[in-house]
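Here are the chains, one letter per residue:
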Amino acid sequence: MALKLVVLFLCGVCAYVYGQQWTSINSPAYEGKFEDCCILELEDSCDYRVYCFFCEQEPHAVPGQTPTYYEVAENLCNYFHGLAVVGSQQQHNAMVNYINDRWPVRSDLKENCIPNHGFWIGLDDRRVEGDFVWQDHTLKDGYCYENGTDYDCWDPQNPNNNVRKTDDGSGQDCGQLWFRGNRDGPCDDEYCNYRPKGAICEDRVPHGDFDNFHFDESDFPRCPV
């Protein structure tokens, strides 16, 4: 696939900059971690979502250093359109099903992609404790986005803002899709800088506008829904 070849060629971590050309991302923590992308046509036919999956980033050389693990993932995904937003059951299914199809054996997922059981997504309560918000993905005219989506993707026991792993009591402020035990990708609150995670980046393509992105719809496998 043309997209995958480009991504693998450019240092293993590359992305499409909106409205520009492909460019190499200076993200050593995710170098060689790219897996693949898949494309989802939204049920309302408003636009497409392209989800790109990265396995777990490299651990910090010094525990607790900054930028945080979550901020590193944000910087990576800013070269797309940001960390993925789980705006509907359809979108949630697309991400979870892709991961389960790619790693059908859970032990393989843990050993070969996310030893720490999760992929960062664009959800956090860093500004106001307990007020989890999706990251701002406001786009130019011609795109559609339901700002402030109310789709509930949470694990039944979360968010719980566990504070046991932080010295300052800041707790768990950053969102992930969680794959641990019998958890099959629900949203979960996680410490932003305690352990490395994979990342799911998303891009958004207006319906029928692939020509402006310098690739064709056939470059992507369809996300399994």
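One can find the structure itself at the top, above this paragraph.
Residues numbered from 1 in each chain as written. Predicted model: local features only at pLDDT ≥ 70, side-chain atom pairs only at ≥ 80, totals over all residues. Heavy atoms only, no water.

Draft legend 1. Region of the structure containing the pairing of strand S7 (residues 174-178). Summarising burial for S7: five of the five residues are buried, a large majority. Residues Cys174, Gln176 and Trp178 line one face of S7 and the alternating positions Gly175 and Leu177 line the opposite face, and both faces are buried. Both strand S5 (residues 118-124) and S7 contribute to a ladder of four bridges, which runs antiparallel. Across the sheet, residue Trp120 finds its bridge partner in S7, namely Gln176. When S7 meets strand S8 (residues 187-190), the two strands line up antiparallel, connected through four bridges. Its bridge partner being in S8, Cys174 is matched across the sheet by Glu190. (Buried < 20%, exposed > 50% of the residue type's maximum accessible area, 1.4 Å probe, protein only. Helix = DSSP H or I, 4+ residues; strand = E, 2+ residues; numbered from the N terminus. Pairing = 2+ DSSP bridges.)

Draft legend 2. Quick peek at the nonpolar core. Grouped together as the largest cluster of nonpolar side chains are 30 residues, with contacts concentrated most on Tyr51, Val86, Ile99, Phe119 and Ile200. Listed by contribution, the elements that provide at least two residues to this core are strand S3 (34-41), strand S4 (47-54), helix H3 (89-102) and S5. Ranked by residue count, the leading element in this core is H3, at five residues. With residues up to four places along the chain from it excluded, the contact list for Tyr51 reads Asp36, Cys37, Cys38, Leu40, Ala84, Gln91, Ala94, Met95, Ile200, Cys201, Glu202 and Cys223. In this structure, Val50, Tyr69, Ala199 and Val205 belong to the second largest nonpolar core, which totals 24 residues. (Core = buried A, V, L, I, M, F, W, Y, C linked by side-chain atoms within 4.5 Å. Contact = heavy atoms within 4.5 Å.)

Draft legend 3. View of the layout of surface pockets. Approximately 310 Å³ is the volume found for the largest pocket. What lines the largest pocket is a set of 19 residues, among which Gln172, Trp178, Arg180, Glu190 and Arg195 lie closest to the centre. Of all the elements in the fold, those that place two or more residues in the lining of the largest pocket are S7 and S8. With three residues, the top contributor of residues to the lining of the largest pocket is S8. When its residues are assigned to classes, the lining of the largest pocket shows two nonpolar, eight polar and nine charged. (1 Å grid on protein atoms, 1.4 Å probe; cavity = no way out; pocket = protein on both sides within 12 Å on 5 of 7 lines; lining within 4 Å. Points joined across faces, edges and corners; volume = space filled by probe spheres on them. Nonpolar A, V, L, I, M, F, W, Y, C, P; charged D, E, K, R; others polar.)

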